[in-house]
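As a plain string of letters, each chain reads:
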2 protein chains.
Amino acid sequence: MPEIRQNIISRQWVIIASERARRPDQFKQEGSVRVELPSYVPTCPFCPKNEKMTPLETYRTPPGDPMSSNWRVRAVPNKFAALSAEGELVRMNVGLKRTISGVGQHEVIVESPDHSTTLARMDDAEVEQAIAAYLQRAQSVLDDSRVEHVTLFKNHGPAAGTSLEHPHAQLIGTPVIPHEVRDRLETALGFYDDTGRCIFCATLEEEREEGIRIVEENEHFTAFIPFAALSPFHLWIYPRRHSASFLGMSDEEIPSLARILRRTLRRLYDGLSDPDYNLIIRTAPKESEQVRYYHWYLSIVPRLTKTAGFEMGSGMFINTASPEESAQFLRGVEAE
Amino acid sequence: MPEIRQNIISRQWVIIASERARRPDQFKQEGSVRVELPSYVPTCPFCPKNEKMTPLETYRTPPGDPMSSNWRVRAVPNKFAALSAEGELVRMNVGLKRTISGVGQHEVIVESPDHSTTLARMDDAEVEQAIAAYLQRAQSVLDDSRVEHVTLFKNHGPAAGTSLEHPHAQLIGTPVIPHEVRDRLETALGFYDDTGRCIFCATLEEEREEGIRIVEENEHFTAFIPFAALSPFHLWIYPRRHSASFLGMSDEEIPSLARILRRTLRRLYDGLSDPDYNLIIRTAPKESEQVRYYHWYLSIVPRLTKTAGFEMGSGMFINTASPEESAQFLRGVEAE
């Protein structure tokens, strides 16, 4: 019989299907396209030597002339920004219509000069450089007084919503705290008031005791498949030290995150043949960076199935993979 | 400059993009595949003469022998049901893990014997027969004492999550009221307590006064593009008479819904070349069918763009089409 499980933070219910269930290896993709890509594409705005094809950069490592090509990681404003970097924050309520002017920040972080690579195929030091850029740019976006919240994400592959092959992440700073984020904060606050504990710390403790959904651990982080994973191979990477904000990461934690992120993505890359995925860093809004009841984490969502009318209409999900079997499968994939 | 608009019922924020905006006719698809399909496919479980390929039917019109092939609309249990029709409703809370046994109902409504047709290409009487089946099956699913809520939906085309070509809708009766539905009920209740009005009735009144997002009206229904449409050509069809439940439709309203639904889908079919879409009927949970603050409606979501990491991480959306321009475009498409 299927089982309906609840994500206790988002309160979403997930049907873990049994009639429609597939074995972990049945989610393997047709084969990686990455290995076929060239390292350099003359028309790609994110390839070295094409620095003038993007708006003026906001970040580069190592530091240097903004038009030179010897960078390892680079950040630039999004040329087709969803929000405008200029303009005043204006809120209007007319009748039932609520509007905010579309101001904020939208940046792209180019994670490597190599067009054909991806986080899974980089080395630890390269992933660490990308994470250092995420941190610096997230802080800079939040320094904009109009911005209330930052969402850091990565769309890998066409099914994940990108048409750009060159490895990159994005961040969008919004002038509003999204409802879904508020909702999670409220749930977490309720749990804290009832129990005196962070709901994320409590979840992590329970997962580590049980062990069956853990994919990997190192000194500072734990990667696991959530009990109520919304879709096949949905993964979370939690910092073990309580901190509401991604920006609160210590210098020691950064290399540790780089290593577990690369290894986890490598397991997906080898185990499922480079599936398309979204990667999201969930962090507290600016005004809640210090709270005791919220906890930042990283979420990886392989796009192996499509959501349809049922998910849209109910907000529930159907997952055709067992979280426990998927975790076991990923543990069995060599990560090096 | 882009504009950020709020759906006041779901409280989701949508960025109506300007830098990335496309004109309505740029969303036109490559061309309908429907016209190329045969009317009958020997291996299709939903085609007439293949009645034995499905579980025993629960509905047919006109009534007759369950193995005969002279039906117009037919309903059957889903062979790969997401929830089990047998078994007891058991709820378990172990530590932080919340589970409900996966019981409920999952049916398929075959909307026509013709493999190649779709609601947009049927006539009013045929669509009316399909809606009569939706109503009868929704009521039957809700009669199961384990079921708390029913979601009625249709996935049209591969981008909308279906691999079956034969025109069909589905309904899933869940043993839990989804969080997202609870959330909308709470928002609507708050509005009612503050104003004494149904938030949906108030929205409809404002939309009809303004007129610019209306696509079509008839005696009982209004089709319009929401002010905060989540995606291009996202459409709502609202009944004008207040009723929390789809099951409360009067005999007069059914043909009126059939006509506006067929005409609205026809506008999409001709205007955008048969786009893939999801159709959802949002209705109150069983226990709230009589409430004054909730209102059933029908939602159509063409799958013209992909959601990505930003939407997943923030719960906000980016819509690359102007709701007002899209409505104007659809009004200009001949619906007959």
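Residues numbered from 1 in each chain as written. Chains lettered and ligands numbered in written order. Predicted model: local features only at pLDDT ≥ 70, side-chain atom pairs only at ≥ 80, totals over all residues.

## Concerning the pairing of strand β11 (residues 221–224) of chain A
A regular strand carries its side chains on alternate faces of the sheet. All names here are of chain A. Of the strand pairs in this sheet, strand β10 (residues 214–217) and β11 are connected by three bridges, and their pairing is antiparallel. For Glu-216, the partnering residue across the bridge sits in β11 and is Ala-223. Linkage of β10 to β11, two consecutive antiparallel strands, is achieved through a turn of three residues. Pairing of β11 with strand β12 (residues 235–239) involves four bridges; the strand directions are antiparallel. Within β12, the residue paired with Ala-223 across the bridge is Ile-237. (Pairing = 2+ DSSP bridges. Helix = DSSP H or I, 4+ residues; strand = E, 2+ residues; numbered from the N terminus.)

## Considerations on the interface of chain A and chain B
Taken together, the contact pairs 62 residues of chain A with 62 residues of chain B. Within the side of chain A that touches chain B, the residues separate by chemical class into 29 nonpolar, 21 polar and 12 charged. Sheet topology places strand β6 (residues 97–101) of chain A next to strand β1 (residues 3–6) of chain B; four bridges connect them, and they run antiparallel. Residue pairing across strands places Thr99(A) opposite Arg5(B), the latter belonging to β1(B). (Contact = placed C-beta atoms within 7 Å. Nonpolar A, V, L, I, M, F, W, Y, C, P; charged D, E, K, R; others polar.)

## Regarding the nonpolar core
Within the largest apolar cluster, 193 residues are counted, with the highest numbers of intra-cluster contacts made by Val14(A), Val14(B) and Ile237(B). Ile237(B) has contacts with Phe221(B), Ala223(B), Ile260(B), Leu261(B), Thr264(B), Tyr297(B) and Leu298(B), leaving out every residue within four places of it along the chain. (Core = buried A, V, L, I, M, F, W, Y, C linked by C-beta atoms within 7 Å. Buried ≥ 20, exposed ≤ 12 C-beta atoms within 10 Å, placed from the backbone.)

## Re the sheet that holds β1(B)
Read from one edge of the open sheet, five strands run β5(A)-β6(A)-β1(B)-β2(B)-β15(B), paired in mixed fashion. The open sheet terminates on both sides in strands that have one partner only, identified here as β5 (91–94) of chain A together with β15 (317–319) of chain B. Averaged over neighbouring strand pairs, the angle between their axes works out to 25 degrees when direction is ignored. (Axes fitted to C-alpha atoms, helices over the stretch in contact; angles between N-to-C directions.)

## Focus on helix α2 (residues 179–195) of chain A
For α2(A), with 17 residues, the first-to-last C-alpha span of 24 Å sits near the 24 Å given by 1.5 Å per residue. Regarding α2(A), the residues found buried are Val181(A), Arg184(A), Ala188(A) and Phe191(A). Seen end-on, α2(A) carries its buried residues on one side only, within an arc spanning 90 degrees. Among the exposed residues of α2(A), those oriented more than 90 degrees off its buried face are Glu186(A), Gly190(A), Asp193(A) and Asp194(A). Here the buried face of α2(A) lies against β8 (149–156) and α3 (199–210) of chain A together with α5 (309–314) of chain B. Positive backbone phi, at 75 degrees, marks Gly196(A), one or two positions downstream of α2(A). (Expected span 1.5 Å × (residues − 1). Arc of directions from axis to C-beta.)

## Things to note about the relation of the copies chain A and chain B
Rotating chain A by 180 degrees and moving it 0.0 Å along the rotation axis overlays it on chain B with an RMSD of 0.0 Å. This pairing of chains is accounted for by a two-fold axis. With an isologous cut-off of 70% or more, the 100% of interface residues of chain A that recur at the interface of chain B puts this contact in the isologous class. (Least-squares fit on C-alpha atoms with pLDDT ≥ 70 in both.)

## Some thoughts on the packing of helix α1 (residues 124–142) of chain A against helix α4 (residues 253–271) of chain A
Residue and element names in this part refer to chain A. In the contact formed by α1 and α4, the axes pass within 8 Å of each other and the chain directions differ by 115 degrees. Seen along the crossing, α1 lies across α4 with a hand that is right-handed. Between α1 and α4, the contacting residues are Asp-124, Val-127, Glu-128, Ile-131 and Ala-132 on the first element and Ile-254, Pro-255, Leu-257, Ala-258, Arg-259, Leu-261 and Arg-262 on the second. Residue composition of the contact of α1 with α4, by class: eight nonpolar, no polar and four charged. (Left-handed = near helix turned anticlockwise from the far one by under 90°.)

## Brief notes about the confidence of the model for chain A
Taken over all residues, the pLDDT of chain A has a mean of 96, while the share at 70 or more is 99%. Across the interface, the model reports ipTM at 0.95; the global pTM reads 0.96. (pLDDT = per-residue confidence, 0-100.)

## Side note on the environment of Val147(A)
All names here are of chain A. With respect to the element layout, Val-147 can be found in the loop between α1 and β8. Val-147 gets classed as buried once you count the C-beta atoms within 10 Å, which come to 22. Setting aside chain neighbours within four positions, we find Val-147 in contact with Gly-104, Gln-105, Val-141, Leu-142, Gly-173, Thr-174 and Pro-175.

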